[in-house]
Amino acid sequence: MIGAQILIESLKREGVEVIFGYPGGQVLPILDKLYDADLKFVLVRHEQGAAHAADGYARATGKPGVCLATSGPGATNLVTGIATAYMDSVPMVAITGQVKSFLIGNDAFQEADVTGITRPITKHNYLVKDAKDLARTVREAFYIASSGRPGPVLIDIPSDIQMQETEFIWPETVEIRSYKPTLFGHPGQIKKACKLISQAKKPILYVGGGVITSGAHLVLRELAEKIQAPVTWTLMGIGAFPATHKLSLGMLGMHGTAYANHAIMEADLIIAVGARFDDRVTGRIDSFAPNAKVLHIDIDPSSISKNIRVDVPVVGDAKNILGEILEELKKLPDISEWLKTVEDWKKKHPLRYKDEGIIKPQFVIEQLYEATKGEAIITTEVGQNQMWAAQYYKYDYPRTFISSGGLGTMGFGLPAAIGAKVAHPEKTVIDIAGDGSIQMNIQELATCVCNKINVKVVILNNGYLGMVRQWQELFYKKRYSQVCITAPDFVKLAESYGAFGIHVTKKEDVRAAIDKALEIDNTVLIDCRIEPEENVFPMVPAGEAINKMISGLA
Amino acid sequence: MKHTISVLVENKFGVLARVAGLFSARGYNIASLAVSETLEPSISYMTIVVEAKDEAILEQIKKQLNKLIDVISVTDFTKKEHVDRELILVKVDYSPKYKAKLEKLFKKYVGKIIQKKGCTAIIEAVGDQKQIRGLLESLSEFGIKELVKTGRVALGH
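Everything numeric here is computed off the predicted structure, so don't read it as measured data.

Focus on the overall build of chain B
- Scanning chain B from N- to C-terminus turns up four helices and nine strands.
- When its helices and strands are written in sequence order, chain B yields β-α-β-β-α-β-β-α-β-β-α-β-β.
- Over its C-alpha atoms, taken along the principal directions, chain B stretches across nearly 55 × 35 × 30 Å.
- At a minimum sequence separation of 6, the contacts of chain B that also span at least 24 residues come to 74%.

Structure, rendered in structure tokens:
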């Protein structure tokens, strides 16, 4: 077999069903072998779209997403998508063509040092210099990408290696002596964890993307119900715990609910599961949760005591550890008083907005929630649209909210929706977008239409780069610098791509437009003209303690 | 404060770049770095002297190193019995007026002259931090023309 064939055979052995990619000169042998392979290939319109689509596919399924690009500019166009996946611990395998191995370092046409460029934004990467190593490399790449704390792995393959003839030997097992993720909690630490929980009077579960990655959502729910602790989550943790559950506090942090922020600040025990105390969550670090002991469950030892001093760390897989804790936990804490306080906060500081005048974005999200009965997969762009989507849609299931959290990548939502829809053709997939973000990867509408990947795009069109405008309003004396962004006629644009466009300017038309969009068997874009200067509240100014919220109405 | 750590890594191309990249990306400082193959040719041994202003940062450095796929193990010598050495080569003035004085110096300090040419001599010295510092201080009066250090290597029990 030649290298290209070995690659495809190896991908199939890894259970790959779809590749998101874009052709180019240095992947020609792979493209040629793909011609005969029974592997779905989604041809995107920009390599960044391929990376985000693979990412969306991975987040929607838990399986590694695969993207392919040629050398040089093809590979560098993947970079933003790879970095996005890296920050959010998404399993992904990126395959790039490289100039012929004997030309490497010669400044050949379309040459770039791709392993060098992607080293800090991949969990690991490979430059394959011999086709004999290819099968093992693919095996290792998938193992590394999807085990431990997942992440993207890149395989760079020179085109002469793709043509090199060698025997195909599939390694049945994979053994990397220097890589052995810890999966189970240390028994001593589990005991200590249980002791902390038993003694707590005001515990709170603070959960992140790790719960979803590990598939720990059910056991998390069991633990929360057993100890009756309220649960708050990070942006990445949305869906890890049912939003409609009575113990749910919603998202915390910069744009979290007031009651979640009050609760974590007042707690005497934070049970952190698969979350990393990001600055958007903790706010000012020295005033964060001053009275709380911290129990931190995470698979990545470097997440522990990185930002916040941890009292009891338990390293390992969240699902295993929560199970071990449930088994070990004998004495339950008495926290009825605490729950009452939390309930009071909930009543006193609900999420709210003034629903009057021009269409409010929050209203649009609420209507989306009702129209889809909370069953859709929502992807988002980045900015205000993302925060409203996080606040006002209620996610009861894991892998239904797909958003670029760590890197905050505008242009993520549409291609990620493509990936999610390819993974779950039977589900409604909606990209909640802004008029700024959507323009960053709008070309992927063509990918949707050509491949009949019928996603729905709802643009919350306010004519601004809204989140930056909000900061300028609040912290730069309303000096709106470079945030007034013009857009094309989105309806006409959708139509020219062969999609369906709907224009909405009145509140009373919102629901009808959504219902129509859900009904139409095509990619549909709703251009929804919203209140131009609506802000995301509550808001914790950067560097403030997280209970020092600005809230538009309170 | 400076800490000496050793790192066993896979002896593959790009591994040094991964380690160096980690330090620069996270804003840690490398004071010195020495790398060589071990008896097992597939493994390299790195001795890294890092500057960390507190325990938490040192802890992060070790954890981040361990996170690299090609890192096999990390040993921190801060609280561990070990020996460390570095080798220096120093070019000094060897004119007649210094000759005798210089020869005498080596009775007290580590080091020896390994090459003489005209009015200069090259001195080789192997020692721990304190010994090397002592030698360099006393050599300064002879006029150090050039100095090169290997960086520290360390071995624990």
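Things to note about the overall build of chain A
- When helices and strands are counted, chain A shows 21 helices and 18 strands.
- A compact globule built from 554 residues should have a C-alpha radius of gyration of about 24 Å, and chain A, at 24 Å, falls within 12% of that.
- Projecting the C-alpha coordinates of chain A onto the three principal axes gives extents of approximately 70 × 60 × 40 Å.
- In chain A, buried positions account for 58% of the 554 residues.

Concerning the interface of chain A and chain B
- Facing the 13 residues of chain A at the interface are 16 residues of chain B.
- Classifying every residue of the side of chain A that touches chain B by side-chain character gives five nonpolar, five polar and three charged.

Side note on the domain arrangement of chain B
All names here are of chain B.
- Domain assignment breaks chain B into domain 1 (2-76) and domain 2 (83-156).
- Computed from C-alpha coordinates alone, the two centres of domain 1 and domain 2 are separated by 29 Å.
- Between domain 1 and domain 2, the contact holds eight residues from the first and seven residues from the second.
- Mapped by element, the contributors of at least two residues to the side of domain 1 that touches domain 2 are β1 (2-10), β2 (29-37) and β3 (43-51).
- No other element matches β2, which puts three residues into the side of domain 1 that touches domain 2.

Section: the domain arrangement of chain A
All names here are of chain A.
- Under the domain assignment used here, chain A contains domain 1 (3-163), domain 2 (187-348) and domain 3 (361-529).
- Each of domain 2 and domain 3 has a C-alpha centre, and these two points are 31 Å apart.
- Tallying the contact residues gives 12 residues for domain 2 and 13 residues for domain 3.
- Here the side of domain 2 that touches domain 3 is built from residues that sort into eight nonpolar, four polar and no charged.

Some thoughts on the packing of helix α8 (residues 187-199) of chain A against helix α13 (residues 318-328) of chain A
All names here are of chain A.
- Contact geometry of α8 with α13 gives a least axis separation of 9 Å together with a crossing angle of 65 degrees. Here α8 runs over α13; the crossing is right-handed. In contact with Ile190, Lys191, Ala193 and Cys194 of α8, α13 contributes Glu324, Ile325 and Glu328.
- Grouping the constituent residues of the contact of α8 with α13 by class yields four nonpolar, no polar and three charged.

Section: the sheet that holds strand β11 (residues 293-298) of chain A
Residues and elements named next belong to chain A.
- One open sheet holds the six strands; their spatial order is β9-β8-β7-β10-β11-β12, and the pairing between them is parallel. The sheet is open, and its two edges are formed by β9 (248-251) and β12 (312-315), each paired on a single side. For this sheet, the mean angle separating the axes of adjacent strands, direction not counted, is 15 degrees.
- Sheet topology places strand β7 (residues 203-207) next to strand β8 (residues 231-233); three bridges connect them, and they run parallel. In the strand pairing of β8, tyrosine 206 is matched with threonine 232.
- Of the strands in this sheet, β7, β8, β9 and β10 (269-273) are in contact with helix α11 (residues 258-266), which crosses β9 at around 105 degrees.

A closer look at the packing of helix α15 (residues 361-372) of chain A against helix α21 (residues 507-519) of chain A
Residue and element names in this part refer to chain A.
- Viewed as axis vectors pointing N to C, α15 and α21 meet at an angle of 40 degrees, and their least axial separation amounts to 10 Å. Between α15 and α21, the angle falls in the class oblique. As for the relative orientation of α15 and α21, their crossing is right-handed in sense. Contact residues: Phe363, Val364, Gln367, Leu368 and Ala371 in α15; Lys507, Val510, Arg511, Ile514, Asp515 and Leu518 in α21.
- Looking at the contact of α15 with α21 residue by residue, the classes come out as seven nonpolar, one polar and three charged.

With respect to the sheet that holds strand β6 (residues 152-158) of chain A
Residue and element names in this part refer to chain A.
- Pairing within the open sheet is parallel, and its six strands lie in the order β2-β1-β3-β4-β6-β5. Either end of the sheet is taken by a strand with one partner, and the two such strands are β2 (40-43) and β5 (124-127). Taken pair by pair, the neighbouring strands of this sheet meet at an average axis angle of 20 degrees, ignoring direction.
- Together, β1 (18-21), β2, β3 (65-69) and β4 (92-98) form the strand contacts of helix α3 (residues 47-61), whose direction differs from that of β3 by roughly 170 degrees.

Overview of the pairing of β7(A)
Residue and element names in this part refer to chain A.
- In terms of residue burial, β7 counts as a mostly covered element, since five of its five residues are buried.
- Judged by which residues are buried, β7 turns out to be covered on both faces: Pro203, Leu205 and Val207 on one side and Ile204 and Tyr206 on the other are all buried.
- Direction of pairing for β7 relative to β10: parallel, over a ladder of five bridges. Among the inter-strand pairings, proline 203 is bridged to a residue of β10, identified as leucine 269.

Some words on the environment of Asn547(A)
- Structurally, the position occupied by Asn547(A) is in the segment after β18 (524-529).
- Counting along the chain gives 274 residues from Asn547(A) to Val273(A), while the straight-line C-alpha distance between them is 21 Å.

Things to note about the pairing of β4(A)
Residues and elements named next belong to chain A.
- Counting buried residues along β4, seven of its seven residues qualify, which places the element largely inside the surrounding structure.
- The two faces of β4 match: Met92, Ala94, Thr96 and Gln98 on one face and Val93, Ile95 and Gly97 on the other face are all buried.
- Two elements, β3 and β4, share five bridges in a ladder whose sense is parallel. Pairing of leucine 68 across the sheet is with isoleucine 95, part of β4.
- The β-α-β motif built from β3, the intervening helix α4 (residues 73-87) and the parallel element β4 has right-handed crossover chirality.
- Sheet topology places β4 next to β6; seven bridges connect them, and they run parallel. If you follow glycine 97 over to β6, its bridge partner there is isoleucine 157.

Here we look at unusual backbone geometry
Residue and element names in this part refer to chain A.
- Looking along the chain, the bond that leaves phenylalanine 537 and enters proline 538 is cis, with omega of 0 degrees.
- Mapped onto the elements of the fold, proline 538 is located in the segment after β18.
- You will see that lysine 373, though not glycine, has its phi angle at about 55 degrees, which is positive.
- In this structure, lysine 373 sits in the loop between α15 and β13 (377-380).
- Despite not being glycine, lysine 477 shows a phi value in the positive range, around 50 degrees.
- Mapping lysine 477 onto the fold places it in the loop between α19 (466-475) and α20 (490-497).

Comments concerning helix α2 (residues 55-67) of chain B
Residues and elements named next belong to chain B.
- With 13 residues, α2 should cover 18 Å at 1.5 Å per step; its first-to-last C-alpha distance of 18 Å lies within 8% of that length.
- Looking at α2, one finds that the buried residues are Ile61, Lys62, Gln64 and Leu65. Projected down its long axis, α2 shows its buried positions confined to an angular sector of 165 degrees, all on one face.
- On its buried face, α2 is in contact with β1, α1 (15-25), β3 and β4 (71-76).

What about α11(A)?
- Buried residues dominate α11(A), accounting for eight of its nine residues.
- Against the buried residues of α11(A) lie β7, β8, β9, β10 and α14 (336-348) of chain A.

Focus: the environment of Pro425(A)
- Within the secondary structure, Pro425(A) is located in the loop between α17 (413-423) and β15 (429-434).
- For the pair formed by Pro425(A) and Asn454(A), sequence separation is 29 residues and the distance between their alpha carbons is 8.4 Å.

About the thresholds
Residue indices begin from 1 for each chain and proceed along its sequence in written order. Here the convention is simple: chains get letters from A, ligands get numbers from 1, in the order in which they are written. Two thresholds apply to this predicted model, a pLDDT of at least 70 for residue-level local features and 80 or more for giving and counting side-chain atom pairs, whereas whole-chain, interface and lining totals are computed over all residues. Secondary structure elements follow DSSP: runs of H or I no shorter than four residues count as helices, runs of E no shorter than two count as strands, and numbering proceeds from the N terminus. Residue pairs qualify as contacts under a 7 Å threshold applied to their C-beta atoms, which are placed from the backbone. We take the radius of gyration over the C-alpha atoms and set the globule estimate at 2.2 Å times the residue count to the 0.38 power. Residues are called buried when their C-beta atom has 20 or more other C-beta atoms within 10 Å, exposed when it has 12 or fewer, and partly exposed otherwise; all C-beta atoms are positioned from the backbone. Under the convention adopted here, Pro, Cys and the residues Ala, Val, Leu, Ile, Met, Phe, Trp and Tyr are nonpolar, Asp, Glu, Lys and Arg are charged, and Gly plus all remaining residues are polar. These domain boundaries are the output of an automatic or database domain assignment. Here an axis means a line fitted to C-alpha atoms, over the contact stretch when the element is a helix, while the angle between two N-to-C directions is reported on a 0 to 180 degree scale. We call a crossing left-handed when the near helix sits turned anticlockwise from the far one by less than a right angle, and right-handed when that turn is clockwise. At least two DSSP bridges between two strands are needed for those strands to be called paired. Angular relationships are summarised with four words: roughly parallel below 35 degrees, roughly antiparallel beyond 145, roughly perpendicular across 65 to 115, and oblique for the angles in between. Handedness of a crossover: with both strands directed away from the viewer, a clockwise path from the first strand across the helix to the second marks it as right-handed. The length a helix should cover is 1.5 Å for every residue beyond the first. Directions pointing from the helix axis toward each C-beta atom define the arc.

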